[in-house]
Amino acid sequence: MQRRSRGIHAGLILLLSQIFHVGISNIPPVTLATLALNIWLFLNPLKPLFESCLSVEKCYQQKDWQRLLLSPLHHADDWHLYFNMVSMLWKGINLERRLGSRWFAYIIVTFSVLTGVVYLFLEFALAEFMGEPGFRRNCAVGFSGVLFALKVLNNHYCPGGLANILGFPVPNRFACWAELVAIHFISPGTSFAGHLAGILVGLMYTHGPLKKIMEKCAGISSSNMHYPGQQYPFNSSGYSRYQDDYPYGRPGYSEDVPRNYDAYTAGLSEEEQLERALRASLWDRVCVGDSHFGE
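Residues numbered from 1 in each chain as written. Predicted model: local features only at pLDDT ≥ 70, side-chain atom pairs only at ≥ 80, totals over all residues. Heavy atoms only, no water.

1. Topic: empty space enclosed by the protein
In this structure the tally under the stated criterion is three cavities of 30 Å³ or more. Lining the second largest cavity are 10 residues, with Phe 83, Ser 87, Leu 147, Phe 148 and Glu 179 sitting closest to its centre. Among the secondary structure elements, those contributing two or more residues to the lining of the second largest cavity are helix 6 (78-99), helix 9 (144-157) and helix 10 (172-186). Looking at the lining of the second largest cavity, its residues break down into four nonpolar, two polar and four charged. (1 Å grid on protein atoms, 1.4 Å probe; cavity = no way out; pocket = protein on both sides within 12 Å on 5 of 7 lines; lining within 4 Å. Points joined across faces, edges and corners; volume = space filled by probe spheres on them. Helix = DSSP H or I, 4+ residues; strand = E, 2+ residues; numbered from the N terminus. Nonpolar A, V, L, I, M, F, W, Y, C, P; charged D, E, K, R; others polar.)

Right under this line is the structure:
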């Protein structure tokens, strides 16, 4: 297993420049805290990657369950961190403003754990059905499983339009599936099961029982489910006023509000950022043998 390269972390520098460019005061609190935590743990990891990555062998067979909490918050290299956190920045601003900070924090924590659980189930099932014990040793780290789940939510709330996946227009409702295939076409060393687990968790929330279970656990009735609106000042890149979580001040309004994200995406769509970040990471050649540090 190759260690993180020492010296200048170009991906980290680029990530910090984009965060400061959009403005810390313009980033909702849970999104900002998630970014800060991931950056802090990249610079000061609680454990080495091989002790924090998630696998059936380490987590289930050896009962090292703390990996469920550690694996989403550790990254293989600075470009891995860069792409995940830029994606988190974009999705966090969208979803936290729509759902409110408390519910969004609840979602982040729940998705982080559930994505790991579903990943373990997928790897265990592959090992059993294919008779290949190597799947039990596949070890994954990274926040992108959670990001795939958030992408499902974002596409659920904004179902119209097209996404650009490697130059091909794809309807938003199929974008997460197209991105799943595209990532592993460009960078086959990433964790397919980890990303698929995120999509499945997102679908469990949008089309399955997960949302109702979360509401029940939080003591919230779905009939009076109103996410507390919060206001964040957008004073750059065309935003110079406060906006509520709900367009026009009431929940349930589905009209999309135009946003300008050029301040921190350099004019690139999320999918174009994906392609650029993956190509950059390929130059780093993160080789991890049987392990997949790309979830």
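Having put the structure on the table, let's press on.
2. Observations regarding the side chain of Ser 191
With respect to the helices and strands, the residue Ser 191 is situated in the loop between helix 10 and helix 11 (192-206). Classification of Ser 191 as buried rests on a relative accessible area of 2%. Separated by 3.0 Å, the side chain of Ser 191 and the backbone nitrogen of Gly 194 make a polar contact. (Buried < 20%, exposed > 50% of the residue type's maximum accessible area, 1.4 Å probe, protein only. Polar contact = N/O pair within 3.5 Å; in protein donor to acceptor, adjacent residues only side chain to side chain.)

3. What about unusual backbone geometry?
Backbone geometry at Lys 63 places phi at a positive 60 degrees, although glycine is not the residue there. Along the chain, Lys 63 falls in the loop between helix 4 (56-61) and helix 5 (67-70). You will see that Leu 166, though not glycine, has its phi angle at about 55 degrees, which is positive. Mapped onto the fold, Leu 166 is located in the loop between strand 1 (162-165) and strand 2 (168-171).

4. A word on the UniProt feature "transmembrane region" (unreviewed entry) in the chain
According to UniProt, the feature "transmembrane region" (unreviewed entry) maps to residues 103-127 and 177-206 in the numbering used here. For residues 103-127, the end-to-end C-alpha separation is 36 Å, with 100% helix and 0% strand making up the annotated structure. (UniProt positions renumbered as here; feature names shortened; annotations may be inferred.)

5. Here we look at the packing of helix 2 (residues 29-43) against helix 6
In the contact formed by helix 2 and helix 6, the axes pass within 9 Å of each other and the chain directions differ by 170 degrees. If you check the angle between helix 2 and helix 6, you find them roughly antiparallel. Contacts from Pro 29, Val 30, Thr 31, Thr 34, Leu 35, Asn 38, Ile 39 and Phe 42 of helix 2 reach helix 6 at Asp 78, Leu 81, Met 85, Met 88, Leu 89, Gly 92, Ile 93 and Glu 96. Grouping the amino acids of the contact of helix 2 with helix 6 by side-chain chemistry returns 10 nonpolar, four polar and two charged. (Axes fitted to C-alpha atoms, helices over the stretch in contact; angles between N-to-C directions. Parallel < 35°, antiparallel > 145°, perpendicular 65-115°, else oblique. Contact = heavy atoms within 4.5 Å.)

6. Describing the packing of aromatic side chains
Counted under the stated rule, the structure contains five aromatic pairs. Ring geometry for Trp 103 against Tyr 106: centres 5.1 Å apart, planes inclined by 90 degrees, an arrangement best described as edge-to-face. On the criterion of helical spacing, the pair formed by Trp 103 and Tyr 106 is a turn pair, its members being three residues apart in helix 7 (residues 101-130). Trp 103 sits in the buried class, given a relative accessible area of 5%. For Tyr 106, a relative accessible area of 25% translates into the label partly exposed. Aromatic pair Phe 111 and Tyr 205: ring centres 5.8 Å apart, planes at 80 degrees, arrangement edge-to-face. Highlighted residues: Phe 111 in helix 7 and Tyr 205 in helix 11, separated in sequence by 94 residues. (Phe/Tyr/Trp six-rings, centres within 6.5 Å; stacked < 30°, edge-to-face > 60°.)

7. Structural notes on the pairing of strand 2
Inspection of the sheet shows strand 1 paired to strand 2 by four bridges, in the antiparallel sense. In the sheet register, Ala 163 faces strand 2, and the bridge partner there is Val 170. In this antiparallel pair of consecutive strands, strand 1 and strand 2, the connection spans two residues, and Leu 166 shows a positive phi of 55 degrees. (Pairing = 2+ DSSP bridges.)

8. Some remarks on the pattern of salt bridges
Close approach of charged atoms lets side chains of opposite charge pair. Here the structure, examined in full by the defined rule, presents three salt bridges. One salt bridge connects Glu 179 with Lys 151, and the closest N-O pair in it is separated by 3.2 Å. Placement of Glu 179 in helix 10 and of Lys 151 in helix 9 is noted, with a sequence separation of 28 residues between them. As far as burial versus exposure is concerned, Glu 179 and Lys 151 are alike and both buried. (Salt bridge = Lys/Arg side-chain N within 4 Å of Asp/Glu carboxyl O.)

9. Structural notes on helix 7
Over its 30 residues, helix 7 extends 42 Å from the first C-alpha to the last, a length consistent with the 44 Å expected when each residue adds 1.5 Å. At the exit of helix 7 stands Gly 131, carrying a positive phi of roughly 60 degrees. (Expected span 1.5 Å × (residues − 1).)

10. Describing the environment of Thr 34
Mapped onto the fold, Thr 34 is located in helix 2. Through-space distance from the C-alpha of Thr 34 to that of Met 85 is 8.6 Å; in sequence the pair is 51 residues apart. Excluding residues within four positions of it along the chain, Thr 34 makes contact with Met 85, Met 88, Ile 108 and Phe 143. Engagement of the side chain of Thr 34 in a polar contact is seen with the backbone oxygen of Val 30, the distance being 2.8 Å.

11. So, a nonpolar patch on the surface
Together, Tyr 60, Trp 65 and Phe 124 give the surface a local cluster of nonpolar side chains, amounting to about 310 Å² of exposed area. The class for Phe 124 is partly exposed, based on a relative accessible area of 34%. (Patch = residues over 30% accessible without salt bridge, like charges linked within 9 Å, V, L, I, M, F, W, Y side chains within 5 Å. Areas by Shrake-Rupley, 256 points an atom, 1.4 Å probe, with all protein chains shown as cover.)

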